[in-house]
Amino acid sequence: MVTPLPDGGPFPIDDLRRRFPALERAAPFIFFDNAAGAQIPSSVLEAVTDHLLARNVQRGGPYRHSREVDAMIARARVSVAAFVNARSADEIAFGLNATSFIRSISLALGQTLASRPEIIVSELDHEANVATWLALERAGARIVWWRPSEAGRLNPADLEPLLSERTRLVACTVASNATGSIVDVAEVARRAHAVGAEVFLDAVHYAPHASIDVQAFDCDYLVCSGYKIFAPHMGFAWCRREAINRLPTFREDFIPDVTPDKLEAGTYAYENVAGMAAAIAYLEDVGRGYLDRVGVPAEGVARSVMIRAAMHTIAEYERTLSSALLDAVDGIPGVTVHGVTDRARLHERVPTLCFSVAGVESSAIADGLAARDIGARSGHMYSPRLMKRLGLMPAGVVRASLVHYNTLNEIARFGSALREVLDELT
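Our subject in this report is the structure included herewith. Worth saying up front: this structure is predicted, and the values here are computed from it rather than measured.

Counting secondary structure elements, the protein contains 14 helices and 13 strands. Compactness check: the protein gives a C-alpha radius of gyration of 21 Å against a globular reference of 22 Å for 426 residues, within 12% of the reference. Projected onto the principal axes, the alpha-carbon positions of the protein cover approximately 65 × 50 × 40 Å. Across the protein, every contact between residues at least 6 apart in sequence was considered, and the portion connecting residues at least 24 apart equals 69%. In the protein, 43 positive and 51 negative side-chain charges are present, and the distance between their average locations comes to 3 Å.

Turning to empty space enclosed by the protein, a few remarks are in order. Gaps left between atoms are located by rolling a probe of water-molecule size over the structure's atoms. Considering all chains together, one arrives at one cavity of 30 Å³ or more under this definition. As a volume, the largest cavity reaches approximately 50 Å³. N34, A35, V204, H205, P208, H209, K228, S401, L402 and V403 are the residues that line the largest cavity. Residues belonging to the lining of the largest cavity are distributed by class as follows: five nonpolar, four polar and one charged.

Take the nonpolar core next. In this structure, F83, F94, I212 and F414 are the most contacted members of the largest nonpolar core, which totals 110 residues. Once residues within four sequence positions are removed from consideration, I212 is found in contact with F83, V84, N85, A203, Y206, A207, F217 and L222. One finds A108, A171, Y221 and A243 within the second-largest nonpolar core, a separate group that totals 29 residues.

This brings us to helix α4 (residues 64-84). With 21 residues, α4 ought to run about 30 Å at 1.5 Å a step, and its terminal C-alpha atoms sit 30 Å apart, in line with that. Where α4 is concerned, the buried positions are S66, V69, M72, I73, A76, R77, S79, V80, A81, A82, F83 and V84. Those residues of α4 hidden inside the fold are in contact with α3 (42-54), β2 (92-95), α8 (214-217), β8 (235-239), α10 (270-293) and α11 (303-329). N85 lies just past α4 and shows a positive phi near 60°.

Thresholds, definitions, all that
Residues numbered from 1 in each chain as written. Predicted model: local features only at pLDDT ≥ 70, side-chain atom pairs only at ≥ 80, totals over all residues. Heavy atoms only, no water. Helix = DSSP H or I, 4+ residues; strand = E, 2+ residues; numbered from the N terminus. Rg over C-alpha atoms; globule rule 2.2 N^0.38 Å. Contact = heavy atoms within 4.5 Å. Lys, Arg positive; Asp, Glu negative; His and termini not counted. Charge placed at Lys NZ, Arg CZ, Asp CG, Glu CD. 1 Å grid on protein atoms, 1.4 Å probe; cavity = no way out; pocket = protein on both sides within 12 Å on 5 of 7 lines; lining within 4 Å. Points joined across faces, edges and corners; volume = space filled by probe spheres on them. Nonpolar A, V, L, I, M, F, W, Y, C, P; charged D, E, K, R; others polar. Core = buried A, V, L, I, M, F, W, Y, C linked by side-chain atoms within 4.5 Å. Buried < 20%, exposed > 50% of the residue type's maximum accessible area, 1.4 Å probe, protein only. Expected span 1.5 Å × (residues − 1).

Have a look at this one:
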């Protein structure tokens with residue numbers, strides 16, 4: 001059982017914002033499209049630059065620079081393992097992005113469908129965690145659809161009639177990249193494992209907002225993209241050692257057939273891995289600050305606990321952002337928010353506001369916000385199946401996606417700008 005963490009008091013928003021140079025450089029522009037890529041702390045920029053200046057060479061060589069790359073990658077594995085609470089660092093693989101890992105794992109898993117040909121996928125998910133599995137129909141897979149509710153939520157109880165001894169895998173998101181709604185993935189895993197199936201999680205949208213704990217989730221595979229969590233463009237995968245080592249992944253002959261090597265095809269961007277490690281160090285520092293505020297000495301505290309403390313205080317603060325976002329659009333004629341709107345259930349969502357306005361093109365709203373120096377996004381949010389189910393295609397929605405460096409003042413400006421835009425368009 002996880003011990004609840006105490007209230008950390010006021011969130012140090014001003015101090016943390018100073019660590020993100022892009023925020024001041026872009027002012028008065030407001031970054032409300034963080035689900036498409038968050039900004040980075042200066043320490044991450046420094047780590048990337050240092051790597052490119054000091055050790056921009058291939059790993060595996062006998063000379064100092066190459067050995068430093070090997071050591072950096074080993075340290076980064078330990079950092080990411082702490083971030084997701086993995087059992088060991090060898091369960092972490094690095095690569096280009098989450099999508100490439102989903103495809104690599106799906107191709108391998110597609111060769112193991114003989115007695116269990118069914119794969120359960122969800123319309124709530126990003127298309128990367130749908131199309132990759134649909135492609136396995138050519139290999140004999142049978143796709144079973146887990147439909148979201150009318151409110152665009154996934155209910156794990158609805159899996160019950162879908163699961164059977166023929167189920168090979170359940171693939172789903174941890175939080176919807178379109179609506180921000182969180183899925184009870186531990187309950188998904190409990191139900192899937194009860195019939196002998198495995199669970200594949202897309203944690204890309206969830207990762208900047210709350211703790212990832214693969215042991216508590218009890219999943220088998222999890223993928224993430226660093227550029228959503230204050231790092232450069234890269235991706236990583238956590239795979240349960242026993243699960244991934246059974247899969248026939250593509251690898252060159254000289255590559256060991258064990259994790260993590262068997263998933264790391266070719267050379268990836270080492271400098272971005274250095275940046276990922278620095279992003280996690282930044283989160284550890286946020287956790288250290290939280291522990292200091294609640295009077296807990298940080299000395300000797302495990303890295304995974306420090307990161308959990310960081311994500312706890314971030315999630316606490318972001319619930320105030322979610323509430324303010326919902327308040328900002330309350331009472332605007334024609335606005336429909338898609339996702340959790342109940343203020344008593346803010347823990348079931350992240351600060352992503354997904355909305356549409358009756359009779360107004362979503363793209364026109366996003367354009368109007370952009371003209372007022374607010375970066376938001378319109379369209380299907382790479383979840384066209386969800387948008388179709390909600391009756392929102394082809395126009396899609398407007399999405400404002402916030403992270404912990406955003407502020408209540410920015411939300412107030414967004415609310416005023418949105419009303420101005422709608423006044424012009426209606």
